[in-house]
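A look at the structure
Residue-level listing of the chains:
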Amino acid sequence: QTLPRHMRRRATSHNVKRLPARLRAAGLREMADYPPNDPSKTGRRYRRRPSNLRAEYASRARQHRWLETPNWHAKRMHMTTLWGLRLAARPCMRHVRASHRSLRKSCLAHDASYLECVELSGAHDVVTAFLTRVLAPYRQTHVEFASTLHAIDGTPIGPVRVLLQPGSTAHVRVWVWIHPACAPDAMPLLEAAEGILISPAALLRFQLRGSHAAHVLRRALVLDEDSPNAAIWAALDQPAALDQRQAGAALSVSVIDPRLRHPSARLSAPAPIAVAAATLRQLARAWPADAAVGALWDPTGRVVPACHIKEINARRAQMAVPGRLTASETDARVPIMVVQREGARQPRAGSRGASAPLGYGSGCDVIAPATWGMAVWLALVHAGAHAGALREVDQLAFEMGLPGGPRDWLGTAAHERNAAVQ
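The shown structure was predicted, so the numbers you read here are calculated from the model rather than taken from an experiment.

A few words on the overall build of the protein. Along its length, the protein carries 14 helices and 17 strands. Going through the 422 residues of the protein one by one, you find that 45% of them count as buried. Partitioning the intrachain contacts of the protein with sequence separation of at least 6 by distance along the chain shows that 72% fall at a separation of at least 24.

Put into structure tokens, the structure is as follows:
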């Protein structure tokens, strides 16, 4: 059909009344060959409303489980579906050299909340006897340790991380962090244990790796004035507190709402902190056994209600001078746990002749209660941490000479399932 020049645009093909009167009959004949527009399709402006986005994510969650930070990662990373979860595979931008530089000179953050935390509780003798049979090795210690979960017949299932509640004698609680790739084999084994109560712990886990990991953590989260272990928290920036001999050491503290004080300055070198020399020597010699005692061990203590972000923004808008908000008595106090992670135990030759120095990849893990994932993650990113995905985690494990994922767990059912998919 022939249209006037000022009418030649996409909108005229959907509305016959926009055509000149002499061409409307021809337009009606052409539109009879095409189906009418679907009234269920809405515009992009309607679809991008926050309420409609949340409804769309809830609909997607019926097929795959999402973490608490999908909006942030989906805008910056390529997403993939693994182990029934929707996870960030790799960043959209070139990030290989930047992630390696962050591990050596800054901090690399990764949302590892896909790891499933299972809580085992029961009599001390019963729990100890069961874990001794299925874990190799199993240690009676107050620090978190890595182990391998085995079936009753000795078949390996996969690597796990175990943390015992300190100070428990008759009744004990144990956290077992399981990779989702081996969860189908691990959960039936744990649920079949007699005399032990098995329950999923609503906990999130964030990994911080690099030389400035502790510095980023202290900038991102502000300690509550009434929080225990304040002296240890103040010493996190000191080399003695991050010594490799303290691998797996857990520290339980309480921080104020991370949304109140987002750091505005870029990451810089850690400033010296006046910490007593006796405290540093004590941390280097032996980690306190009661440092991991906190509210996260209580299921009711993990439920921390939070105010809406609109209330925080309204308080920030009323400030005469822009800056950080001062925490009030009604603001939430979030219990968290910091677990020290060791780095490379010996120098190792890496790609292109590079070498992973001693302690490469060391840092800490942050364990937080559910529903606080986005608040903690944004605080870490604003404090200077560079976000990493599954590709960065696998690359770090390769540089450290450690098994990275299911493809490296030879002899397990998770390895066979992963090989069948690939």
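Once the structure has been displayed, the description carries forward.
When their charged atoms lie close together, side chains carrying opposite charge are able to pair. Taken as a whole and assessed by the stated rule, the structure comprises 13 salt bridges. Its salt-bridge partner being Arg 302, residue Glu 119 comes within 2.4 Å of it at the nearest N-O pair. One end of the pair, Glu 119, is in strand β5 (residues 116–123); the other, Arg 302, is in the loop between α10 (277–285) and α11 (309–317), with 183 residues separating them in the sequence. In this pair, the class of Glu 119 matches that of Arg 302, namely buried.

On to the sheet that holds strand β1 (residues 65–66), then. Here we have three strands laid out as an open sheet, ordered β1-β3-β2, and mixed in their pairing. Looking at which strands have only one partner, the edges of the open sheet turn out to be β1 and β2 (77–82). Where β2 and strand β3 (residues 85–91) come together, six bridges link them in antiparallel fashion. Its bridge partner being in β3, Thr 81 is matched across the sheet by Arg 86. Of the strands in this sheet, β2 and β3 are in contact with helix α13 (residues 390–400), which crosses β3 at around 70 degrees.

Here we come to the sheet that holds strand β12 (residues 250–256). Taken in spatial order, the six strands of this open sheet run β12-β13-β16-β11-β4-β17, and their pairing is mixed. At either margin of the open sheet sits one strand with a lone partner, and together these are β12 and β17 (386–387). Two strands pair when backbone bridges link them, and strand β13 (residues 333–341) and strand β16 (residues 363–369) are joined in this way by five bridges, in the antiparallel orientation. Note on β16: the bridge partner recorded for Gln 340 is Cys 364.

Both trends apply: most residues other than glycine have a negative phi, and most peptide bonds are in trans. The omega angle of the peptide bond from Ala 136 to Pro 137 is 0 degrees, so this bond is cis rather than trans. As for its placement among the helices and strands, Pro 137 is situated in the loop between β6 (135–136) and β7 (145–150). Even without being glycine, Asn 229 reaches a positive phi, approximately 60 degrees. Among the secondary structure elements, Asn 229 is positioned in the loop between α8 (213–220) and α9 (230–234).

On to the environment of His 142. As for its position among the elements, His 142 is in the loop between β6 and β7. Distance from His 142 to Pro 288, taken between C-alpha atoms, is 8.8 Å for residues 146 residues apart in sequence. Other than its neighbours up to four places away in sequence, His 142 contacts Leu 163, Pro 166, Trp 287, Pro 288 and Ala 289. Of the polar contacts made by the side chain of His 142, one reaches the backbone oxygen of Trp 287; its length is 3.3 Å.

Let's shift gears to the pairing of strand β8 (residues 156–164). Counting buried positions along β8 yields seven of nine residues, so the element is predominantly enclosed. The pairing of β7 with β8 spans six bridges and is antiparallel. Bridge pairing in β8 links Thr 148 to Pro 159. In this structure, the hairpin formed by β7 and β8 is closed by a connection of five residues, where Gly 154 is found at a positive phi of approximately 95 degrees. When β8 meets strand β9 (residues 171–178), the two strands line up antiparallel, connected through five bridges. Counterpart to Leu 163 in the pairing with β9 is Trp 175. Between β8 and β9, which pair antiparallel in sequence order, lie six residues; one of them, Gly 167, sits at a positive phi of approximately 80 degrees.

Another aspect to go through is the packing of aromatic side chains. Applying the stated criterion to the full structure yields four aromatic pairs. Here the aromatic rings of Tyr 138 and Phe 145 are separated by 6.2 Å at their centres, their planes lie at 70 degrees, and the arrangement is edge-to-face. Each of the two residues, Tyr 138 as well as Phe 145, counts as buried.

Quick look at helix α6 (residues 124–134) now. Along α6, the residues classified as buried are Val 127, Thr 128, Phe 130, Leu 131 and Val 134. When α6 is viewed along its axis, its buried side chains cluster within an angular range of 165 degrees and face the same direction. Facing away from the buried side of α6 by over 90 degrees, the exposed positions are Asp 125 and Arg 133.

Before going further, it helps to examine the side chain of Arg 341. Mapping Arg 341 onto the fold places it in strand β13. Looking at Arg 341, the relative accessible area reads 18%, which means it is buried. A polar contact of 2.8 Å, which involves the side chain of Arg 341, links it to the side chain of Asp 365. Non-local contacts of Arg 341, meaning those with residues more than four positions away in its chain, are made with Arg 161, Arg 205, Arg 209, Ser 362, Gly 363, Cys 364 and Asp 365.

Relative to the helices and strands, Glu 144 resides in the loop between β6 and β7. There is a polar contact of 2.9 Å between the side chain of Glu 144 and the side chain of Arg 161.

With 45 residues, the main nonpolar core has Leu 208, Leu 217, Leu 221, Trp 233, Leu 251 and Ile 336 as its most contacted residues. Secondary structure elements with two or more residues in this core: β11 (203–209), α8, α9, β12, β13, β16 and α12 (373–382). Those residues in contact with Ile 336 that lie beyond four places of it in its chain are Leu 221, Leu 251, Ser 252, Val 253, Val 255, Leu 296, Val 366, Ile 367 and Ala 368. Ranked by size, the runner-up nonpolar core spans 30 residues in total, among them Val 127, Leu 149, Ala 181 and Ala 193.

Across the protein, the average pLDDT comes to 83, with 84% of residues at 70 or higher. Put simply, strand β14 (residues 348–349) is where the protein has its lowest mean pLDDT, 54, and β11 is where it has its highest, 95.

Definitions and limits used
Residues numbered from 1 in each chain as written. Predicted model: local features only at pLDDT ≥ 70, side-chain atom pairs only at ≥ 80, totals over all residues. Heavy atoms only, no water. Helix = DSSP H or I, 4+ residues; strand = E, 2+ residues; numbered from the N terminus. Buried < 20%, exposed > 50% of the residue type's maximum accessible area, 1.4 Å probe, protein only. Contact = heavy atoms within 4.5 Å. Salt bridge = Lys/Arg side-chain N within 4 Å of Asp/Glu carboxyl O. Pairing = 2+ DSSP bridges. Axes fitted to C-alpha atoms, helices over the stretch in contact; angles between N-to-C directions. Polar contact = N/O pair within 3.5 Å; in protein donor to acceptor, adjacent residues only side chain to side chain. Phe/Tyr/Trp six-rings, centres within 6.5 Å; stacked < 30°, edge-to-face > 60°. Arc of directions from axis to C-beta. Core = buried A, V, L, I, M, F, W, Y, C linked by side-chain atoms within 4.5 Å. pLDDT = per-residue confidence, 0-100.

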